[in-house]
Amino acid sequence: MKKWLGTIFGMMLLIGLLVACGPEETKPTDSSSNEDGEKATEEMPEKPEKLTVWVNAEEKQEEAVKQITDKYTEETGIDVEMVPINMLDQVEKLNVEGPAGNGPDIIFQPHDRIGDLVLRGLVAPVNLGETESEYTDTALQAVKYDGDYWGYPAVIETYAMYYNKSLVDEAPATMEDLMAIAKRDTKPEEDKFGFLMEAANFYFVYPFFSGNGAYVFANEDGNYDISDMGLANEGAIEGGKLVKSWFDNGYIPQDLTPDIMNGLFKEGKVSTVINGPWMVREYSDALGDDLATAPLPKLSNGEVPKSFVGVKSYMLSYYSENPEWSQDLMTFITNEKNAMTYYEVAGELPPRKDSLENPVIAEDPIYSAFAEQTTYGEPMPSVPAMQQVWDPINNALSFISKGEPVEPVLKEAVKIIQNQIEASGATE
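In the nomenclature of an unreviewed UniProt entry, the protein chain corresponds to Maltodextrin-binding protein from the organism Virgibacillus necropolis. Annotation of the protein chain in UniProt includes, under Subcellular location (unreviewed entry), the sentence "Cell membrane". Per UniProt, the comment on the protein chain under Sequence similarities (unreviewed entry) is "Belongs to the bacterial solute-binding protein 1 family."

Now the structure itself:
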């Protein structure tokens, strides 16, 4: 009996020693800063000394993130190392540096790359928790893939109509109004144009397809059916014919490049252009108070064109050893106060309901048009198959700009896209 009791006592002592000597994987903490000034009470792992964030290599964006992460360090004691890397170069770099243990905790990516990142196992899903309801529905739809969220939405963007008030009294409300301006003001021999846009670039042309009933992949409740493409349906053909008419009428030169378009607009030689918010500073510096913006003009069917909406978000590296604190930092960067800091410094719109309703944005004479246009737009598909769409459809638009018939060109483009999807293996 004594021997049996001794054995039990020994086992209990051993268990106690093991628990006492084990790693401190989880411990209560009162320093999580999900909301500025408010401390989370949930259990968090021990704080890391440092978190590493790959930020987009752009001066104003870096400055904004630095201001925000300095506050995070002040509140939590966790250092944040910012590594500037072009956003579009981060995926391949993570593919090499992540497995080697040299990667970051957090990357910054556009949402249309999520499918590819997930397929390659480079990012991990995140739990937005109570903050989920704070982001716009479009932003949430953009960062959701296969039932999970894969990023904290930080920036939402789409394009809108810029116009020069010294040349146009008011924003064109309809495509008919816009074409009247194009007919009146286009004088190619003087390098003057009424309406310019990158009309052989599918990213910008999509709203004139989708507004007539076209789509890239069928989408039901956020699930894409890549076997069902709508880029050669009646709506796409209608949109293609509209685009073709701009070239046939000589409103848009076939050899137009973004640099030429932006240069002419800044020189005051173009009445209206369609472009994104990233050009606000340059256009404002050139045109001053003559610069104005508006949502895209309505189509002949009364619909506001559905522009592509891009959402850039902070994503959790699959290789991060600090997933909980990384999510805490991403929550902090995108909270209400810091989202407005980012907007004011970097000039990019935050995809938060409270931010877009903030008078600083909602009543801004320039940015408010972009904020409104996002409500009409739709996220670019984030499935890996989307990567096979761009080249064939842009080639098709190039052929259309040179006078090729719309319907056979679009049907051939869809056939090429489907073959490429099959060959790439991106069939889900």
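On we go.
Residues Asp 169, Glu 170, Glu 176 and Asp 177 make up a contiguous surface patch of negative charge. Looking at the secondary structure, you find Asp 177 in helix 6 (residues 175-185).

Judged by pairing direction, the sheet is mixed, and its four strands sit side by side in the order 13-16-12-17 without closing on themselves. Every other strand in the sheet has two partners, leaving strand 13 (193-196) and strand 17 (291-294) as the edge strands with one partner each. The sheet shows a mean angle of 15° between the axes of neighbouring strands, taken without regard to direction. Alignment of strand 13 against strand 16 (residues 270-275), held across three bridges, turns out to be parallel. Note that in strand 16 the partner of Phe 195 across the bridge is Thr 272.

This paragraph deals with the packing of aromatic side chains. Each aromatic ring pair is characterised by the separation of its centres together with the angle its planes make. By the definition in use, this model includes 20 aromatic pairs. What links up through ring pairs into an aromatic cluster is the set Tyr 159, Phe 202, Tyr 203, Phe 204, Tyr 206, Phe 209, Phe 308 and Trp 390. Positioned above the aromatic ring of Tyr 135, the side-chain terminus of Arg 352 is 6.0 Å from the ring centre.

On to the pattern of salt bridges, then. Across all of its chains, the model carries 16 salt bridges by this definition. Here Asp 248 ties to Lys 244 by a salt bridge, and the two come within 2.9 Å at their closest N and O atoms. Of this pair, Asp 248 and Lys 244 both sit in helix 8 (residues 234-248), four residues apart, which is roughly one turn of that helix. The class of Asp 248 is partly exposed, set by a relative accessible area of 49%. A residue is classified by how much of its surface remains accessible, and Lys 244, at 18% relative accessible area, is buried. For Glu 407, the salt bridge identified is with Lys 411, shortest N-O distance 3.0 Å. Of the two residues, Glu 407 and Lys 411 both sit in helix 17 (residues 406-424), four residues apart, roughly one turn of that helix. The partly exposed category is assigned to Lys 411, whose relative accessible area is 46%. A single salt-bridge network, built from bridges that share partners, covers Glu 92, Asp 116 and Arg 120.

What follows is about the pairing of strand 18 (residues 308-317). For strand 18, the tally of buried residues reaches 10 of 10 residues, placing the bulk of the element in the interior. Pairing between strand 7 (residues 106-110) and strand 18: five bridges, direction antiparallel. Residue pairing in the sheet places Pro 110 in a bridge with Lys 312 of strand 18. Pairing of strand 8 (residues 123-124) with strand 18, which is carried by two bridges, proceeds in the antiparallel orientation. Within the sheet, the bridge partner assigned to Ala 124 lies in strand 18 and is Leu 316. Direction of pairing for strand 11 (residues 152-157) relative to strand 18: antiparallel, over a ladder of five bridges. Bridge pairing in strand 18 links Tyr 152 to Tyr 314. In the sheet, strand 18 pairs with strand 19 (residues 378-379) via two bridges, with the strands oriented parallel. When the sheet's bridge partners are listed, Phe 308 is paired in strand 19 with Glu 378.

How each quantity is defined
- Residues numbered from 1 in each chain as written.
- Predicted model: local features only at pLDDT ≥ 70, side-chain atom pairs only at ≥ 80, totals over all residues.
- Heavy atoms only, no water.
- UniProt positions renumbered as here; feature names shortened; annotations may be inferred.
- Patch = residues over 30% accessible without salt bridge, like charges linked within 9 Å, V, L, I, M, F, W, Y side chains within 5 Å.
- Areas by Shrake-Rupley, 256 points an atom, 1.4 Å probe, with all protein chains shown as cover.
- Salt bridge = Lys/Arg side-chain N within 4 Å of Asp/Glu carboxyl O.
- Lys, Arg positive; Asp, Glu negative; His and termini not counted.
- Charge placed at Lys NZ, Arg CZ, Asp CG, Glu CD.
- Helix = DSSP H or I, 4+ residues; strand = E, 2+ residues; numbered from the N terminus.
- Pairing = 2+ DSSP bridges.
- Axes fitted to C-alpha atoms, helices over the stretch in contact; angles between N-to-C directions.
- Phe/Tyr/Trp six-rings, centres within 6.5 Å; stacked < 30°, edge-to-face > 60°.
- Lys NZ or Arg CZ within 6 Å of the ring centre and 35° of its normal.
- Buried < 20%, exposed > 50% of the residue type's maximum accessible area, 1.4 Å probe, protein only.

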